[in-house]
Amino acid sequence: MSTETSHKKFLRGLTEQFPDILGKLQEHIPGQLIAVLPREELPKVTKYAVNRLGARFVITVATDQRDKTGDFGISYILAFDEEKQFLVLHSNLPADDPRIESVTPDVPAANWAEREAYDLVGIMPEGHPDPRRLVLPDDFPAGIHPLRKEYAYNVRFPSEPGNAPPRKAPPEGSTVVPIGPFYPTLEEPAYFRLFLDGERVVGSDYRGFYNHRAIEKLGDSELNYNQVPFVAQQICGICGQVHSCAYVEAVEKACEIEVPMRAKYIRTILLELERIHSHLLWVGLAGHIIAFDTVLMQVWRIREPVMWLMERVTGNRKHYSSNLVGGVRFDITEEAADDIRRVLDKVETEFKAVVDAVLIDTSLMARLKDVGILTEENARALGAVGPTARGSNVAIDCRVDHPYAAYDQLDVQKQVQDGCDCWARTLVRLYEVFESIRLVRKALEQMPGGPIMAKIDGPLPADRIGLCSVEAARGESHHYVRTGEDNRPYRWRLRAPTYPNLQAVGCMIEGVNLADVPICIGSYDPCFSCTERVETVDVNTNEIRVYTREELQELSRRKTLG
Amino acid sequence: MFKAKLKEAVICFGAGRVTLKYPFEPSPVPPKFRGKIEFDARKCIACGGCANVCPPRCIVIEDMGEVAKITFNLDRCIQCARCYEVCPEKAIWPTDEFETATPDKSDLKSEMIVWMSTCQRCGRCFETENAIDKFESKRWRGRGPGEANKHGIFPIKPPIDFTAQTSLVREPEEEKDQ
C-alpha cells in the first residue's frame, strides 16, 4: 500500500474497528483498495463503513467464477468521496450455498443491488426486507439466474407465467393511481403505482427493468475488449460517451495502460459537450412536463447546433464512437476546435438570455420551489448521485472526487445548492451548463499535442480489477471491469446514475400532490425502459385487473382486425 | 413576472424561423459523416478483419476454403466505422447515405463472394496495429457440449442466428393432468 493511502482517515477508522483488515487490503492501483473477506465479515464491514465512516454505497458486483475457482464471488463497492478512494469488499461464496447476510436494513442504498444480484446470479441476500423480483421479466422461469456462465447469451427461456413479483399493498383507505407503464411525459416506459390519500401521495411502488437488454452478459461472453465500448455507448441515448469512456478507463486502469494526454483531453471535451446538450435537453423537458412549452421549444432550438457540431466533429450527432481501449480514434483538429469555440459562444449567449428570464419567472418557481423535497439526510442514505444529490447539498462530483480523463488538470467547480427541491436541482443544471462551457474552452486551450492512441503490444493481463466512475449529466455512472483471458472482460458491471436516483423517488414524492409527481420524477432526469403490462381499474366495481401479455396481444389483434 | 414574460417573448421573436424544409430539400451531411457502408469485392482479400472487429455482428465471414462469403446485415449496423478503419485494402468505405429506412429488412442485406488464393505478398494474413484487435474471440465462455480446456472455456461457438431458440436448460413442460 502506498504511504499516501495508508494515511487516509477512513483507513484509521476501519482499522480501529477491524484490526485484522489491514493485512488483507491490496492496492494494485492507487485510489482503489480491495479486501477479500469471509462472508460473515463482509456485511459488518460494509455497514460500519457506510454508517460510521461516511462511505457511499456504489454497487454490488456478483460474479459467477465457478469455472476459475469453483465458487461465486460478490463484491461490495464503496466510495469515500472526500478521500478520493474506492474500497472493494470481496467475498467468495460456495457454489452450493451462495448466501450472504443482507446489508439493506442498515444500508438502504443497497436495496436494488442485492435484489439484482439474486435475480441475475442467484446470490441470496438473507434478511432482505423486500426480496421481490427486480430485474427479470414477470414470466421468466423461477430458479434460473441468467448471468451464470452455463447459459449462453442467446438462450431464449420458455415463458413461465405466474412469476410476477407481488405488488406492494397500498395503505388502508388509499387510492391506487398507476402512472405508466408508458410514462406519459417522457415518452419512456416506467410503471409507478402511487398510493393517494385524497390528492396527496402517501406511498408508491415501482416496477421497471422491462427493457433489460442483457448487455453485461454480452460483455463477458461474446464481445471482445474493443467491441464493448460501442455496445456501451448504446446503453443510453444521451450519455453514450459517458458509458464508453467509463468502460475503457476501467480497462486501462486495470491493465495499467498509459493513455496519451491528448486522448484524455479529447475524451474530456466530448464528455463536457455531451453534458451541455444533455442539460439543455433536460431544461426543455422540465418545461414540457410543467406545460411551459416555450422553454422546451427555445432551449431545444439552442441545443440543436451542439448536435450538429458533434456530427461535424465526430461523424455522428449522438454516438461519437470515439473511445477504444488505449485512447481515442479521431483527433480534434485546429479547425474543429475553432468550430467548437464558435458554437459554444453562440450557445452561451443564447442560453444566458433564457436563464436570465427563467430565474425571475415566478410562475415557474411556483411549480418548482418546495416541491419534491429530498433532504440531505435521505439523499445520502439512498445514495443519490449527480444533480439530484448536489441539489440536496451533497457535494459529490466524480470529476473532482475520482478524477478521470483530464479532469485533474481542469479545476472543476462543483455546483451545489441547498434547496433540496426541484428548483434547486434545476439551478444546479443551469449553472453546470456554463461551467461545462468554461471547461471545454479551458481544455481546448490546454490540450497538448502528440499521439492519441497508446501502443498495446500484447494481450491484456487477466484477473485484474479496474473501477471507473464518470460523472454523467445525471450523476455518477460506475463501471467495474475484471479482465479475463480470450481478449474479453471476465466480468463487466455497470451502474447507470438513474439506478440509485430512482430509488430515491419514493422518498421524494411522498407528501406531494398528484399534479406535482411528474415534475418530481422528471427532476432527477430519469432514463428508463419498456413494458408489456397494463393495470386498469374498473371504476364500477373498484376491481383491479392486470392484463397479461397474452391478453394484451389478443386485445390488440382484435382491435386491429376489427 | 411580467419582466420574465417579456424577456421570454423577446427570445421567441428573435429566433425567427428555424425549421428545416427537409425532406423537401436535401439535407447534406458533413464530410466526416459515417453513413451506410459500401464495399468492393475486387479489392477485398477476405482477411476477416472487419468481421473480427464488428461489434453488432453486422459483418459475418464464412471461410469455405476456395471461396469466402462475406455477409453484410446492414440492419444491424451501428455506424461505428470500425470496419473501414481496420481494412488493409480499403475495400470498404462509408457513403453519405443515411436514409436507409425500408419496410423490408432484406433490402439491407448483401453478400460478397471472394475467390481465395495464396497472397504473393504475405501468404495469408492480416495485421492490425493494435494488438488487442488482432486476437480473435471466437470461443464462447460457457457450459455446453464438448470438453472444457484448462481455463474452463468450452470450444463451441454460439449460433450467429439471433432469433434461434436454443433450449439449453429445460424442455418445454408437457401439459399436465391429461
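Residues numbered from 1 in each chain as written. Chains lettered and ligands numbered in written order. Predicted model: local features only at pLDDT ≥ 70, side-chain atom pairs only at ≥ 80, totals over all residues.

## A word on the overall build of chain B
Within chain B, the regular secondary structure consists of four helices and five strands. For chain B, the proportion of its 178 residues judged to be buried stands at 20%. Long-range contacts, defined as pairs at least 24 residues apart, comprise 63% of the intrachain contacts of chain B with a sequence gap of at least 6. (Helix = DSSP H or I, 4+ residues; strand = E, 2+ residues; numbered from the N terminus. Buried ≥ 20, exposed ≤ 12 C-beta atoms within 10 Å, placed from the backbone. Contact = placed C-beta atoms within 7 Å.)

## Considering the overall build of chain A
Helix and strand content of chain A: 19 helices and 19 strands. Over its C-alpha atoms chain A spans a radius of gyration of 24 Å, differing by no more than 12% from the 24 Å that the globule rule assigns to 562 residues. With the principal axes as the frame, chain A shows a C-alpha extent of 70 × 65 × 55 Å. Across the 562 residues in chain A, those meeting the buried criterion constitute 50%. Looking at chain A alone, contacts between residues at least 24 apart form 67% of all its contacts between residues at least 6 apart. (Rg over C-alpha atoms; globule rule 2.2 N^0.38 Å.)

## Here we look at the domain arrangement of chain A
Residues and elements named next belong to chain A. Per the domain assignment, the segments making up chain A are domain 1 (3–166), domain 2 (215–459 + 466–522) and domain 3 (532–562). With centres defined by C-alpha atoms, the gap from domain 1 to domain 2 works out at 26 Å. Of the residues lining the interface, 20 residues belong to domain 1; the matching set on domain 2 comes to 22 residues. Of all the secondary-structure elements, those providing two or more residues to the side of domain 1 that touches domain 2 are β3 (56–65) and α5 (111–121). Considering every element that reaches the side of domain 1 that touches domain 2, the biggest residue donor is β3, with six residues. The class makeup of the residues in the side of domain 1 that touches domain 2 is 13 nonpolar, four polar and three charged. (Domains from an automatic or database assignment. Nonpolar A, V, L, I, M, F, W, Y, C, P; charged D, E, K, R; others polar.)

## Quick look at the environment of Asp75(B)
All names here are of chain B. Relative to the elements of secondary structure, Asp75 occurs in the loop between β3 (67–73) and α3 (82–86). A count of 15 C-beta atoms within 10 Å places Asp75 in the partly exposed class. The sequence separation of Asp75 and Pro30 amounts to 45 residues, and the corresponding C-alpha distance is 23 Å. Among residues more than four places away in sequence, those in contact with Asp75 are Lys105 and Leu108.

## Brief notes about the packing of helix α9 (residues 261–289) of chain A against helix α16 (residues 422–446) of chain A
For any two helices packed against each other, one specifies the crossing angle of their axes together with the interaxial distance. Residues and elements named next belong to chain A. Their axes nearest at 9 Å, the elements α9 and α16 cross at an angle of 155°. With respect to their mutual orientation, α9 and α16 come out roughly antiparallel. For the crossing formed where α9 meets α16, the hand is left-handed. Here Tyr265, Thr268, Ile269, Glu272, Leu273, Arg275, Ile276, His279, Leu280, Trp282, Val283 and Ala286 of α9 lie close against α16, whose contacting residues are Thr426, Arg429, Leu430, Glu432, Val433, Ser436, Ile437, Leu439, Val440, Ala443 and Leu444. Within the contact of α9 with α16, the residues separate by chemical class into 15 nonpolar, four polar and four charged. (Axes fitted to C-alpha atoms, helices over the stretch in contact; angles between N-to-C directions. Parallel < 35°, antiparallel > 145°, perpendicular 65-115°, else oblique. Left-handed = near helix turned anticlockwise from the far one by under 90°.)

## Points about the sheet that holds strand β11 (residues 191–197) of chain A
Residue and element names in this part refer to chain A. Pairing within the open sheet is antiparallel, and its three strands lie in the order β8-β11-β12. In this open sheet, the two edge strands, each paired with only one partner strand, are β8 (175–179) and β12 (200–207). Taking the axes of each pair of neighbouring strands and ignoring which way they run, one obtains an average angle of 25° across the sheet. Across seven bridges, β11 lies against β12 in antiparallel orientation. For Leu194, the partnering residue across the bridge sits in β12 and is Ser204. (Pairing = 2+ DSSP bridges.)

## Describing the nonpolar core
All names here are of chain A. Core analysis: the largest hydrophobic core is formed by 159 residues, its most contacted members being Ile77 and Leu78. The biggest single contributor to this core is α9, with 14 residues. When residues of this core are assigned to domains, at least three map to each of domain 1 (3–166) and domain 2 (215–459 + 466–522). (Core = buried A, V, L, I, M, F, W, Y, C linked by C-beta atoms within 7 Å.)

## Here's the deal with helix α3 (residues 41–51) of chain A
Owing to its 3.6 residues per turn, the α-helix aligns residues three or four sequence positions apart on the same side. Residues and elements named next belong to chain A. The complete set of buried residues in α3 reads Leu42, Pro43, Val45, Thr46, Ala49 and Val50. Buried residues along α3 cover an arc of 165° about the axis, so they all sit on one side. Here the buried face of α3 lies against α2 (9–17), β3, β4 (71–80), β5 (85–94) and β6 (99–101). (Arc of directions from axis to C-beta.)

## Describing the packing of helix α8 (residues 240–255) of chain A against α9(A)
Residues and elements named next belong to chain A. Close contact between α8 and α9 brings their axes to 9 Å; oriented N to C, the two are set at 145°. Of the two elements, α8 crosses α9, and the hand of that crossing is left-handed. Residues Gln241, Val242 and Cys245 of α8 form the contact with α9, whose own contacting residues are Arg267, Leu270, Leu271 and Glu274. When the residues that make up the contact of α8 with α9 are grouped by side-chain class, the tally is four nonpolar, one polar and two charged.

## Let's talk about the sheet that holds strand β2 (residues 59–63) of chain B
Whenever strands of a sheet pair, they do so through backbone hydrogen bonds, lying parallel or antiparallel. Residue and element names in this part refer to chain B. Spatial strand order, β2-β3-β5: three strands in an open sheet with antiparallel pairing. The open sheet has two edge strands with one neighbour each: β2 and β5 (109–115). Pairwise comparison of adjacent strand axes, ignoring direction, gives a mean angle of 15° for this sheet. Where β3 and β5 come together, seven bridges link them in antiparallel fashion. When the bridges of β5 are listed, Val67 appears paired with Trp115.

## Focus on unusual backbone geometry
In this structure, the amide linkage connecting Tyr22(B) to the following residue, Pro23(B), adopts the cis form with an omega of 10°. Secondary-structure assignment places Pro23(B) in the loop between α1 (2–15) and β1 (37–39).

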